[in-house]
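# Descriptive analysis of the structure
Chain residues, written in single-letter form:
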Amino acid sequence: MTANHARQLLVLPDRDAAEEAAERLAEEFAGLGRPELVRDALAGEDDAEDAQWLVVLEAPEDGGWPAEQLDRLDGLAAEYEGWREQD
């Protein structure tokens, strides 16, 4: 699967950051629908403080992710001290 058709994950440090980022993405990329939030506990850790949160975004059906949108996702993730990965 090519990068522009892959599901994108914003890896963020806490739930508040993930919820705020998801809200902004839902407004900015209205055609994608509401992003999914997923708690991603670090291996072997039970403490909620050791969890990262993922904002999961499915690829747009009409041609995938344009480079500008991927850049925007990178920038938004960085604003919340996180990063983008593709799945």
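Everything discussed here concerns the structure shown above.
Here the structure is a predicted model, which is why all the values come from computation and not from measurement.

Let's shift gears to the environment of Gln-69. By secondary structure assignment, the location of Gln-69 is in helix H2 (residues 67-79). For the pair Gln-69 and Asn-4, spaced 65 residues apart in the sequence, the C-alpha separation amounts to 9.6 Å. In this structure Gln-69 touches Phe-29 and Pro-60, once residues within four positions along its chain are discounted.

Even without glycine at this site, Glu-81 takes up a positive phi of about 60°. Mapped onto the elements, Glu-81 comes out in the loop between H2 and strand E4 (83-86). The exposure class of Glu-81 is exposed, given its relative accessible area of 70%.

What counts and how
Residues numbered from 1 in each chain as written. Predicted model: local features only at pLDDT ≥ 70, side-chain atom pairs only at ≥ 80, totals over all residues. Heavy atoms only, no water. Helix = DSSP H or I, 4+ residues; strand = E, 2+ residues; numbered from the N terminus. Contact = heavy atoms within 4.5 Å. Buried < 20%, exposed > 50% of the residue type's maximum accessible area, 1.4 Å probe, protein only.

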